Amino acid sequence: MTMTDMLKLSGVRKAFGGTEVLHGIDLTVRKGEVVAVLGPSGSGKTTLLRCANFLERADAGQLELDGVTLDLARAAHAQIAEVRRRTGFVFQGYNLFRNRTALGNVTEGLIVARHMPRAEAEKRAHACLMRVGMDDRCDAYPAALSGGQQQRVAIARAMATEPEIIYFDEPTSALDPELTGEVLASMRSLAEDGMTMLVVTHEMSFAKNVADRVVFMDGGVVVADAPAREFFEHPANERVRAFLRTADAA
Amino acid sequence: MDSSLAELLIDSFPKILIPGLVYTLPLAFVSFAIALVIATAVALIQYARVPVLRQLARFYIWVVRGTPLLVQLYVVFFGLPDFGIVLDPLPTAVLVLSINTGAYSAETMRAALESVPVGQLEAGYCVGMSYLQVMRRIVLPQALRTAFPPLSNELIALVKDTSLAANIMVAEMFRATQEIVSREWVTMPLYLEVAAIYLLFSTVLTWLQRLGERKLAAQGMERG
């Protein structure tokens, strides 16, 4: 692990009911880097992300987060909590706390998990909501917000804890095309600020224009790992070319 | 209606209502409060899949839901003294009614807990909260809101079920009515009178339930 590596996953394996969906994944994200994980449905991208934050227990594998090494299969509760405090996660289905306002969603983790005084937490939450253009709706409950607005609040929630890396699990897949733009804009602004991001996505334009590097997964293995520009302009192999052709046609 | 009957009804009204206010309602409310504690604990044990305790919880619900409330009252009040356990009528009624309603409410609470999307728990983990913190602050409050209407129904059912305690000599309002009936030799009017008072209690509770539901809805979380 070099000095600039933020996250290093190695040898990640995961099976569901006897079927292995991750066959030993290696993936590195450097500090300040935005890595897009592309691949067809069922390639294991989401599972990899969930294993990295212990939402799924990997069967084997290692996680190095800014110098701290953990066994993905055997990490203890306290270690898992520590990893989660240092990372952010944005879900495909937003998963905003339904019994909290937009502001409450952002302050919850600060006040409860980090024991930050309420006034300070709210100040930071307002600043984060401002960043994603949602501060004017800070008193709204999730049920009163559109999908795009909910996802922007979720991004504010993830960045409020000042994580070392934010994982995005298909953040725009549940959104209408006209709402994906506002979410991608928030992510782009976060990337421009130097946030380290690992983004599982189907958004080719985001991968092409915002990501520094693209990791292409298929059938539970990494098929290609290249700088974004090279990935699109000089596809490494036939599998990637086929994927890009169908993506262009869509 | 002849005047002596009217007089009897007017005369008996406070004699039925007061035991209702002093015994029936407190019995129902105290039992319900204990039942809610039992129900939440039993539901959480099942939700969290705690080994052994979970099997015990299923056994408790199976036995209590599978036997009549009246039989449960008799077992505790007339049966336990054979084993040297003698309880007064009122404590017996509180004990049996809370255990009984606890079993039904536990199923209501379990369903409500399971209706909270697992993503709520995962989101809590991902902002650094512990299992207990997410349960207490995010999952349980949402489950309680979902469970509010069915739990209100269970409270109303419990108010009426307290009348079974008349069989173990609790001086609640149905027993008070029976005592007047045996003294005055008038049946139908008096039983209708006590029925009307139960109806009054239920109506007020139904009204409070609707008020509560409206208040919860106003807090914006009834959908999505």
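Residues numbered from 1 in each chain as written. Chains lettered and ligands numbered in written order. Predicted model: local features only at pLDDT ≥ 70, side-chain atom pairs only at ≥ 80, totals over all residues. Heavy atoms only, no water.

Colleague: Pulling in residues and values, what's your account of the packing of helix α3 (residues 102–113) of chain A against helix α5 (residues 147–160) of chain A?
Modeller: All names here are of chain A. Running from N to C, α3 and α5 point in directions that differ by 20°, and their axes come no closer than 9 Å. Classed by the angle they form, the pair α3 and α5 counts as roughly parallel. Seen from above, α3 lies across α5 with right-handed handedness. Judged by residue contacts, Ala102, Asn105, Val106 and Leu110 of α3 engage Val153, Ala156, Arg157 and Ala160 from α5. Grouping the constituent residues of the contact of α3 with α5 by class yields six nonpolar, one polar and one charged. (Axes fitted to C-alpha atoms, helices over the stretch in contact; angles between N-to-C directions. Helix = DSSP H or I, 4+ residues; strand = E, 2+ residues; numbered from the N terminus. Parallel < 35°, antiparallel > 145°, perpendicular 65-115°, else oblique. Left-handed = near helix turned anticlockwise from the far one by under 90°. Contact = heavy atoms within 4.5 Å. Nonpolar A, V, L, I, M, F, W, Y, C, P; charged D, E, K, R; others polar.)

Colleague: Go over the sheet that holds strand β2 (residues 19–30) of chain A, please, and point to the residues and values.
Modeller: Strands in a sheet are paired, the pairing made by backbone hydrogen bonds, and the direction either parallel or antiparallel. All names here are of chain A. The four strands are arranged β2-β1-β4-β5 in an open sheet whose pairing can be described as antiparallel. For this open sheet the edge positions go to β2 and β5 (68–71), each flanked by a neighbour on one side alone. In this sheet, adjacent strand axes meet at a mean angle of 15° when their direction is disregarded. Across four bridges, the pairing between strand β4 (residues 60–65) and β5 is antiparallel. Opposite leucine 65, over in β5, you have valine 68 as the bridge partner. (Pairing = 2+ DSSP bridges.)

Colleague: I'd like to hear about helix α5 (residues 118–126) of chain B, residue by residue, with values.
Modeller: Burial of α5(B) is extensive: eight of the nine residues sit out of reach of the surface. Along α5(B), the residues that are buried comprise Gly119(B), Gln120(B), Leu121(B), Glu122(B), Ala123(B), Gly124(B), Tyr125(B) and Cys126(B). On the buried face of α5(B), the contacting elements are α1 (45–52), α2 (77–85), β6 (87–90) and α5 of chain A together with α1 (3–47) and α6 (131–161) of chain B. Count one or two residues on from α5(B) and you reach Gly128(B), which has phi positive near 95°. (Buried < 20%, exposed > 50% of the residue type's maximum accessible area, 1.4 Å probe, protein only.)

Colleague: How would you explain the interface of chain A and chain B if you had to name every residue and give the values?
Modeller: With 22 residues of chain A at the interface, the matching set in chain B holds 23 residues. Between chain A and chain B, a total of about 2,100 Å² is buried, with carbon and sulfur atoms accounting for 55% of that surface. Counting across the chain A and chain B interface gives two salt bridges. Put simply, Glu108(A) and Arg137(B) hold a salt bridge, and the shortest N to O gap is 2.5 Å. (Buried area = accessible area lost by both parts, 1.4 Å probe. Salt bridge = Lys/Arg side-chain N within 4 Å of Asp/Glu carboxyl O.)

Colleague: Give a description of empty space enclosed by the protein that names residues and reports values.
Modeller: Tallied over the entire structure, the rule returns one cavity of 30 Å³ or more. Here the largest cavity defines a volume of roughly 40 Å³. Looking at the largest cavity, the residues that line it are Gly88(A), Phe89(A), Phe91(A), Arg157(A), Ala158(A), Ala123(B), Cys126(B) and Val127(B). At the level of secondary structure, the elements contributing two or more residues to the lining of the largest cavity comprise β6 and α5 of chain A together with α5 of chain B. Each residue belonging to the lining of the largest cavity can be placed in one class, and the counts come to six nonpolar, one polar and one charged. (1 Å grid on protein atoms, 1.4 Å probe; cavity = no way out; pocket = protein on both sides within 12 Å on 5 of 7 lines; lining within 4 Å. Points joined across faces, edges and corners; volume = space filled by probe spheres on them.)

Colleague: Which residues make up the pairing of strand β3 (residues 34–38) of chain A, and what values go with them?
Modeller: Residues and elements named next belong to chain A. Here β3 lies mainly inside the structure; five of its five residues are buried. Side chains of β3 alternate between two faces, with Val34, Ala36 and Leu38 and Val35 and Val37 buried alike. Across four bridges, the pairing between β3 and strand β8 (residues 197–200) is parallel. Across the sheet, the residue bridging to valine 35 is leucine 198, located in β8. Alignment of β3 against strand β9 (residues 213–218), held across four bridges, turns out to be parallel. By the bridge assignment for β9, alanine 36 is matched with valine 214.

Colleague: I'd like to hear about the side chain of Ser202(B), residue by residue, with values.
Modeller: Residues and elements named next belong to chain B. Its location among the elements puts serine 202 in helix α8 (residues 188–218). You can call serine 202 buried: its relative accessible area is 12%. Other than its neighbours up to four places away in sequence, serine 202 contacts Ile156 and Lys160.

Colleague: Let's hear about the layout of surface pockets: which residues, and what values?
Modeller: If you add up the space inside the largest pocket, you get close to 250 Å³. Around the largest pocket, the lining residues are Phe54(A), His77(A), Ile80(A), Ala81(A), Arg84(A), Arg85(A), Tyr125(B), Gly128(B), Met129(B), Ser130(B) and Tyr131(B). For the lining of the largest pocket, the element with the most residues is α2(A), which contributes five residues. When the residues that make up the lining of the largest pocket are grouped by side-chain class, the tally is six nonpolar, three polar and two charged.

Colleague: Can you lay out the sheet that holds β6(A) for me, pointing to particular residues and giving the numbers?
Modeller: Residue and element names in this part refer to chain A. Overall, mixed pairing links the six strands, which are arranged β6-β7-β8-β3-β9-β10 in an open sheet. Pairing within the sheet leaves two strands with one partner each, and these edge strands are β6 and β10 (221–227). In this sheet, adjacent strand axes meet at a mean angle of 15° when their direction is disregarded. Here α1 sits on the sheet and contacts β3, β6, β7 (165–169), β8 and β9; the angle it forms with β7, its principal contact strand, is near 145°.

Colleague: Let's hear about the environment of Phe16(A): which residues, and what values?
Modeller: Residue and element names in this part refer to chain A. Inspection of the secondary structure puts phenylalanine 16 in strand β1 (residues 5–16). Taking the C-alpha atoms as reference, phenylalanine 16 lies 9.8 Å from aspartate 59; in sequence the two are 43 residues apart. What phenylalanine 16 contacts, discounting residues up to four positions off in sequence, is Val21, Thr47 and Glu56.

Colleague: So what's going on with the packing of aromatic side chains? Which residues, and what values?
Modeller: Under the criterion given, the structure shown has nine aromatic pairs over all chains. Judged by centre distance (5.8 Å) and plane angle (50°), the rings of Phe59(B) and Trp62(B) are tilted. Of this pair, Phe59(B) and Trp62(B) both sit in helix α2 (residues 53–65), three residues apart, which is roughly one turn of that helix. For Trp62(B), a relative accessible area of 62% puts it in the exposed group. One aromatic cluster in this structure is built from Phe216(A), Phe231(A), Phe232(A) and Phe243(A). Taking the ring centre of Phe97(A) as reference, the NZ or CZ of Arg157(A) above it sits at 4.7 Å. Here the basic side chain of Lys208(A) rests over the ring of Phe232(A), its NZ or CZ set 5.1 Å away from the ring centre. (Phe/Tyr/Trp six-rings, centres within 6.5 Å; stacked < 30°, edge-to-face > 60°. Lys NZ or Arg CZ within 6 Å of the ring centre and 35° of its normal.)

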